Amino acid sequence: MNNPGTLTAEKRDSPNRNEVQYNGLKNQGATCYLNAVLQCLFMTPKFREAVVSQNVPGDCGQENLLLQLKKLFEQLSDKAASTEGITKSLGVRNVFEQQDAVEYYRKILKAMGTHASKVFEGKMSNITKCCKCGEETKETNTFISILLSIDVGNDEKYDVKNGLKTFFEHSKLEEDDWMYCDKCDQKTETETWSAIDDYPTVLTLHLKRFDFDYMQMSYKKNECCLDVPPSLHNGDKWPKYDLYAVINHRGGYTGGHYDAIIRSYENGKWYCFDDYTVRQTSEASLKNSHLPYMLMYRKAVLSHDSVLHPMRILLMGPSRAGKSAVGNIILGGNYFTCGSGSETVTKASMAKTVGKITVVDTPNLFSLDEQSWSREMEKCIELCDPGPNVILWVTPICTFSEQQQGLFHAFRKRLDSGMTKHMMIIFTNGRELKKLGQTINTFIKRSKLSKVVGSCQNRYHVIDIPNGHNYTLELLENLSKMVTSEFTAISKRQFKHCIRRKKFLRRKSLKTLKMLKSD
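Just so you know, these numbers come straight off a predicted model, no measurement behind them.

Colleague: Residue-level account of the packing of aromatic side chains, with values.
Modeller: Scanning the entire structure with this criterion turns up 19 aromatic pairs. With 5.7 Å between their ring centres and 65° between their planes, phenylalanine 210 and tyrosine 253 make a pair best called edge-to-face. With phenylalanine 210 in strand 12 (residues 210-213) and tyrosine 253 in the loop between strand 16 (241-251) and strand 17 (256-263), the pair connects residues that are 43 residues apart, well separated along the chain. A relative accessible area of 13% means that phenylalanine 210 is categorised as buried. Residue tyrosine 253 is classed as partly exposed on the basis of its relative accessible area of 47%. An aromatic cluster is built from Phe210, Phe212, Tyr214, Tyr219, Tyr253, Tyr258 and Tyr293, whose rings are joined through pairwise contacts. The ring of phenylalanine 42 has arginine 48 sitting right over it, with the charged end atom 4.3 Å from the ring centre. The ring of tyrosine 244 has arginine 298 sitting right over it, with the charged end atom 3.9 Å from the ring centre.

Quick look at the structure:
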């Protein structure tokens, strides 16, 4: 029999039909606003993991918010919990007075700092443009939610997607609000708009339901109904976002009740978290509803089939660098044989394909003479016909020897210099950074790697082979940013042309040298 405030649900796609348990939070009086926010944060795995993994300062008091969140999340994983420690940490003096849920969502994230809240953080620029000379000024700030104005009446239906689109539209300021242009040396007609520079993992939308009524000198709530979109994709540049949590509000400005509708990341089902009660519900409850107040969307998981353009990835690098393991991480399975000894396992170039992603693993090509190297490179290109569009240089975190730098530059010299715009450095053995007591940026500078990384347009990624598959999603996202079209980094024809050109330049150089010696 379940405990009060507890709901159990079967995990999706589980052959053992294991149960996952969700628990409620006790309402101290009118703390439903806080309960709804905390359940949304608890059901955001990356935030919860960041809270649990973060160390609490040894000299902190019992009112430290991180300490109380760690305790709460631990209790909530097992049974219904109380938020008394949280309210004290947040300085809530009157638990019988209702507060705004969005305000406390923002307050908690701000107090937690970047380590925990980065999953919700994005970067947005506010841009102003002088309509006379075209001069633009840009101010970039971090954001954790977007406030959407509601431009319909109580009896009308609001369109969230249109509201989001309107938020980013260009608008011209009234003459009284024109900005001073330094270039024109006067106030000029001004155009302004906002643009997201860095998209957050979780996108939070706050519906502006409360507005001040100057006629009645009080706040009034707009109770228009809306359909909560199950996904958002605001134009080609936007990543796709999937809905996973909604905070509802019933009542007016001074009183009412909050609950949260959340989609389980474990079984994909929807649940209503209403203080101490947790019950299963459906997404249909979010249709034609006048209750939604805060919407939370998670960036859609990138899969091997959902990448926009096919990826053809060529793995290069010194022997025993972990190329095969990196290939397995990218493909999400054990497709290439990996060894733990000192001997190279990969004896010949081979390709594996999953969905739209093909990875070509290579042996130690740098032990070959130039003619054999050229033949093997032609084979690699054939394996991912019409040729690779990403080249990954794989090297371990270690004292970056002169030999490893030499191999990288030798590889570059054998190909067109423009090839590096399709290259990324993959650092394996990431745990060594902790042993060295360095960040990756410090390591790059101290190991004289700056030129190597710079030649690849400062693209690099750090992974730890034993925990490799934890890096699959992040690595796929970084690679997808490199592949923005069907462009091929190097085709068989281009490679042959490159080799012929290198031979011609070498012969020309030797001929010139002989002429100089004869003189």
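Colleague: Go over the state of the cysteines with me, naming the residues and quoting the values.
Modeller: One pass over the structure, following the stated rule, counts zero disulfides. The closest cysteine sulfur to the non-disulfide-bonded cysteine 130 is located on cysteine 133, 3.7 Å from its own sulfur. Looking at cysteine 130, the relative accessible area reads 4%, which means it is buried. We note that cysteine 225 lacks a disulfide partner, and the nearest cysteine sulfur, in cysteine 224, lies 6.8 Å from it.

Colleague: Which residues make up a negative patch on the surface, and what values go with them?
Modeller: Taken together, the side chains of Glu174, Glu175, Asp176 and Asp177 present a region of like negative charge at the surface. On the secondary structure map, glutamate 175 appears in the loop between strand 7 (171-172) and strand 8 (179-181).

Colleague: Kindly report on helix 2 (residues 45-53), identifying the contributing residues and their values.
Modeller: Structural remark: α-helix, 3.6 residues per turn; residues separated by three or four positions point the same way. All of the buried residues along helix 2 are Pro45, Phe47, Arg48, Ala50 and Val51. Elements that come into contact with the buried residues of helix 2 comprise helix 1 (32-42), helix 3 (65-76), helix 5 (101-112), helix 6 (114-117) and strand 20 (292-299).

Cut-off values and rules
- Residues numbered from 1 in each chain as written.
- Predicted model: local features only at pLDDT ≥ 70, side-chain atom pairs only at ≥ 80, totals over all residues.
- Heavy atoms only, no water.
- Phe/Tyr/Trp six-rings, centres within 6.5 Å; stacked < 30°, edge-to-face > 60°.
- Helix = DSSP H or I, 4+ residues; strand = E, 2+ residues; numbered from the N terminus.
- Buried < 20%, exposed > 50% of the residue type's maximum accessible area, 1.4 Å probe, protein only.
- Lys NZ or Arg CZ within 6 Å of the ring centre and 35° of its normal.
- Disulfide = S-S within 2.5 Å.
- Patch = residues over 30% accessible without salt bridge, like charges linked within 9 Å, V, L, I, M, F, W, Y side chains within 5 Å.
- Areas by Shrake-Rupley, 256 points an atom, 1.4 Å probe, with all protein chains shown as cover.
- Salt bridge = Lys/Arg side-chain N within 4 Å of Asp/Glu carboxyl O.
- Lys, Arg positive; Asp, Glu negative; His and termini not counted.
- Charge placed at Lys NZ, Arg CZ, Asp CG, Glu CD.
- Contact = heavy atoms within 4.5 Å.

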